[in-house]
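Here's the letter readout for the chains.
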Amino acid sequence: MTDQANRLRKQLESANFDPQNYVKQLSQQSDGDRDLQEHRQKIQTLADETAQNLKKNVYKNYRQFIETAKEISYLESEMYQLSHILTEQKSIMESITQALLSTDKDETAKEMLAAFPKETEEVKQRTLTTLLEKVEGCKNIMDTPGRYLVYNGDLVEYDVDNMAQLQKVHAFLMNDCLLIATWLANRRGTVKYKYNALYDLESFAIVNVKDHPPMKDMFKILMSPESRIFQAENSKIKKEWLEILDETKKNKAIKEKHKKEEVEVPNSPVRPEASVSTNPFDDEETNPFDSEEAVDLSLDWIQELPEDLDVCIAQRDFEGAVDLLDKLNEYLKDQPASLRVKDLRVKVDERIRQLTDVLVFELSPDRSLRGGPKATRRAVSQLIRLGQSTKACELFLKNRAAAVQTAIRQLRIEGATLLYIHKLCNIFFTSLLETAKEFEMDFAGNTGCYSAFVVWSRSSMKTFVDAFSGQVFDSKESLSTAAECVKVAKEHCKQLSEIGLDLTFTLQSLLVKDIKAALQSYKEIIIEATKHRNSEEMWRRMNLMTPESLTKLKDEMRGCGISSFDQYTGDDCWVNLSYTIVAFTKQMMGFLEEGLKLYFPELHMVLIESLREIILVAVQHVDYSLRCEQEAEKKAFILQNASFLHDTVLPVVEKRFEEGVGKPAKQLQDLRKSARPIRVNPDSTMSQV
């Protein structure tokens, strides 16, 4: 059977397999319907085996699939950012080149505009007005003076995520903006389009989309925070759109730059030298231009400083840009503020603003968070050198908060809870420790920022506790598991003391509500279980049947701190105690041990009251049984159990509590004194206190 299945598999997997010939041969060779049914069953079995093997391979490589998908996502995000940065650099470099070569072109353009000023503008505006009459909802487009049409045409818009066709649009490119109008399919008359969006030329970037048939002749408009993809009719029209859009954006940038320079550079008034004033107060007047001679701004490096700053920003040479600014500040130190110096300051301040924006973007959480705190050091150090330590501190901490949240969110919840908590604590506290060390290194000379770090640490601790409580307390884990998890968190929190940061109190204050609820919930479980056992109590000695069981019980009692348990064991495998009392002792001592692991001062009274309520349930049951029991022998046995509780168990509880907390519990001592054992007169059915 196996050989036939292997031959069938090889035949079906063959590269030359022809289904029609296979079915034809099978029909000719078969004796009847039964053979076909058997063969069909073989193929179905083979298909099931193949599907099962495929499923096993998927499960076997499931983690690799997930990690590969994440890496692809990270790579896609970083490639998009890299593409955007390269586009910005290209645009800046082309703007610089164009500005350097624009002198001759400006003169030619002025001559052309002087020759045909009115005709050109009127024709363009008339054309734009005629086209906009076909668009619904854009009457105010022509309100802006000097706006005219540059290019227009039909496009098809596609969805960015799944590349599905969305709608037909008509794009109007003007000298300062881009208008997108959607096509109205069933509209008659002159109006054929409806207003969709209007974008300023400076608010978006153009990116060419490579052809992947059938998706071709496309280009993308990148905006913040969205993007749109359009398809041209053919490759020629697509090329025209890309070239004209790029050229129009450059022309607008150059035009605005020239306007700004004309406004910033006023004409210098000239005082006539020949005129001699007879005003006696002329000697006291000061000329604001007299100080020009005191500051020499004709040095080559000062003349080229604005352009050098633009190049440094474009090439992401942040250190070089700040070095140039420091050099300028040192040169102009203690120099008079003349008009030329002020004009230079205005130009430099604009570059400082651009540099600051780039550094702020470097620290924004939208950037890649991979690389740890050290990846932010470059931008932070340059912001501090620019005198913006407060902003650098704020952005650094926001970046690290986003990194911590992302790391916690990407942590897979699988396996045992304790294993997850180990991973969670390792990720969070390691990240917090690295952030603190990097913060101390970056802001060593800015002690005023340390308070912000402490506030951030408390906020990050809250994020950690939310994830911690959601897995430990909200999932209703056992008290022992919760105690181990809290113990792990406390141990990791103590590691922060090596850098002088103690967040133990913050951790405890955030966990106190959940721990209190867990203690009370487990207390109720113990009380209900004890009451249930009490309702079935027969007051009989325990028979453990085997020596191994007796040895195991002795070990458990010694583990609970009851070293004198041997005196309550009898011959063979008998124990001179009730099963209810033994089970109660183990359960209560277990609750005490777990409670001490969870203990901190805010939970002192909660733990004491819980222990007191649990003990009262057992003591009251023994007292009630003594008062109701009529047989002298059973009364003696009940009294022996009461003596075990009072003389053995309760002192161990008090001692262990004092060892774990560091001070005695007066409430437990008072409870033991009030629950003293009851003496029984064998000759009477009455109990005496």
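What you see is a predicted model; the values in this text were computed from it and never measured.

(A) Looking closely at the overall build of the protein chain. Per the secondary structure count, the protein chain includes 22 helices and 12 strands. The 689 residues of the protein chain split such that 36% are buried. For the protein chain, the share of sequence-separated contacts (at least 6 apart) that also reach a separation of at least 24 residues comes to 66%. Surface summary for the protein chain: the accessible area is close to 41700 Å², and the carbon and sulfur share equals 51%.

(B) Expanded view of the nonpolar core. Core analysis: the biggest nonpolar cluster contains 121 residues, and Phe464, Phe468 and Phe657 have the highest contact counts within it. Residues within four places of Phe468 in sequence aside, it is in contact with Ile421, Leu424, Phe473, Cys485, Val486, Ala489 and Leu511. Membership of the second largest hydrophobic core comes to 19 residues, among which are Leu155, Ala171, Ile206 and Leu245.

(C) Region of the structure containing the packing of aromatic side chains. This model, assessed by the stated rule, comprises 19 aromatic pairs. For the ring pair Phe428 and Phe464, a centre distance of 4.8 Å and an interplane angle of 15° mean the geometry is stacked. With a gap of 36 residues between them, Phe428 in helix α14 (residues 417–442) and Phe464 in helix α15 (residues 450–472) connect regions that are remote in the sequence. Accessibility assignment for this pair places Phe428 and Phe464 in one class, buried. Every member of this aromatic cluster is reached through a ring pair, and the members are Phe396, Phe439, Phe443, Tyr450, Phe453 and Trp456. Geometry around Phe204 places Lys249 over its ring, the cationic atom sitting 4.9 Å from the centre.

(D) Representation of unusual backbone geometry within the structure. Even without being a glycine, Asp217 presents a positive backbone phi close to 60°. Mapping Asp217 onto the fold places it in the loop between β6 (205–209) and β7 (218–222). Of note, Trp539 is a non-glycine position whose phi angle comes to about 50°, a positive value. For Trp539, the position within the fold is in the loop between α17 (504–535) and β9 (541–543). Overall, Trp539 belongs to the buried group, its relative accessible area being 8%.

(E) Highlighting the pattern of salt bridges. Taken as a whole and assessed by the stated rule, the structure comprises 26 salt bridges. Here Arg316 and Glu362 are joined by a salt bridge, their closest N and O atoms 2.1 Å apart. Of the two residues, Arg316 sits in the loop between α9 (305–314) and α10 (318–331) while Glu362 sits in helix α11 (residues 339–363), which places them 46 residues apart along the sequence. With a shortest N-O distance of 3.1 Å, Arg353 and Asp357 are connected by a salt bridge. Of this pair, Arg353 and Asp357 both sit in helix α11, 4 residues apart, which is roughly one turn of that helix. Looking at Arg353, the relative accessible area reads 42%, which means it is partly exposed. Where salt bridges share partners, they join Asp200, Lys252 and Glu256 into one cluster.

(F) Spotlight on the pairing of strand β2 (residues 149–158). Burial analysis of β2 places 7 of its 10 residues in the buried class, which makes it a mostly covered element. Counting the residues between successive antiparallel strands, the hairpin from β2 to strand β3 (residues 165–174) contains 6 residues, one of them, Met163, with a positive phi of roughly 55°. Inspection of the sheet shows β2 paired to strand β8 (residues 227–231) by 3 bridges, in the antiparallel sense. Its bridge partner lying in β8, Tyr158 is registered against Ile229.

(G) Structural detail: the pairing of β3. Alignment of β2 against β3, held across 9 bridges, turns out to be antiparallel. By the bridge assignment for β3, Leu149 is matched with Met174. For β3 and strand β4 (residues 177–183), the ladder comprises 5 bridges, and the chain directions are antiparallel. From the neighbouring strand, Val169 faces β4, where its bridge partner is Thr182. Between β3 and β4, which pair antiparallel in sequence order, lie 2 residues.

(H) Local environment of the packing of α10 against α11. Axis separation between α10 and α11 bottoms out at 11 Å; the angle between their running directions is 150°. Regarding the angle of α10 to α11, the classification is roughly antiparallel. For the pair α10 and α11, the crossing hand works out as left-handed. Here Phe318, Ala321, Val322, Leu325, Leu328 and Asn329 of α10 come into contact with α11, specifically with Leu344, Arg345, Val348, Ile352, Leu355, Val358, Leu359 and Glu362. Within the contact of α10 with α11, the residues separate by chemical class into 11 nonpolar, 1 polar and 2 charged.

(I) The side chain of Thr648, seen in detail. Along the chain, Thr648 turns up in helix α21 (residues 632–661). Discounting residues that sit within four places of it in the chain, Thr648 has contacts with Ile562, Ser564, Tyr568 and Ser643.

(J) Region of the structure containing the side chain of Thr506. Considering the arrangement of structural elements, one finds Thr506 in helix α17. Not counting residues within four places of it along the chain, the set of residues in contact with Thr506 comprises Arg458 and Met461.

(K) Region of the structure containing a negative patch on the surface. A contiguous patch of negative charge, built from Glu261, Glu262, Asp300, Glu304 and Glu307, is present on the exposed surface. Mapped onto the secondary structure, Glu304 falls in the loop between α8 (300–303) and α9. Given the relative accessible area of 44%, Glu304 is considered partly exposed.

Conventions used here
- Residues numbered from 1 in each chain as written.
- Predicted model: local features only at pLDDT ≥ 70, side-chain atom pairs only at ≥ 80, totals over all residues.
- Heavy atoms only, no water.
- Helix = DSSP H or I, 4+ residues; strand = E, 2+ residues; numbered from the N terminus.
- Buried < 20%, exposed > 50% of the residue type's maximum accessible area, 1.4 Å probe, protein only.
- Contact = heavy atoms within 4.5 Å.
- Areas by Shrake-Rupley, 256 points an atom, 1.4 Å probe, with all protein chains shown as cover.
- Core = buried A, V, L, I, M, F, W, Y, C linked by side-chain atoms within 4.5 Å.
- Phe/Tyr/Trp six-rings, centres within 6.5 Å; stacked < 30°, edge-to-face > 60°.
- Lys NZ or Arg CZ within 6 Å of the ring centre and 35° of its normal.
- Salt bridge = Lys/Arg side-chain N within 4 Å of Asp/Glu carboxyl O.
- Pairing = 2+ DSSP bridges.
- Axes fitted to C-alpha atoms, helices over the stretch in contact; angles between N-to-C directions.
- Parallel < 35°, antiparallel > 145°, perpendicular 65-115°, else oblique.
- Left-handed = near helix turned anticlockwise from the far one by under 90°.
- Nonpolar A, V, L, I, M, F, W, Y, C, P; charged D, E, K, R; others polar.
- Patch = residues over 30% accessible without salt bridge, like charges linked within 9 Å, V, L, I, M, F, W, Y side chains within 5 Å.
- Lys, Arg positive; Asp, Glu negative; His and termini not counted.
- Charge placed at Lys NZ, Arg CZ, Asp CG, Glu CD.

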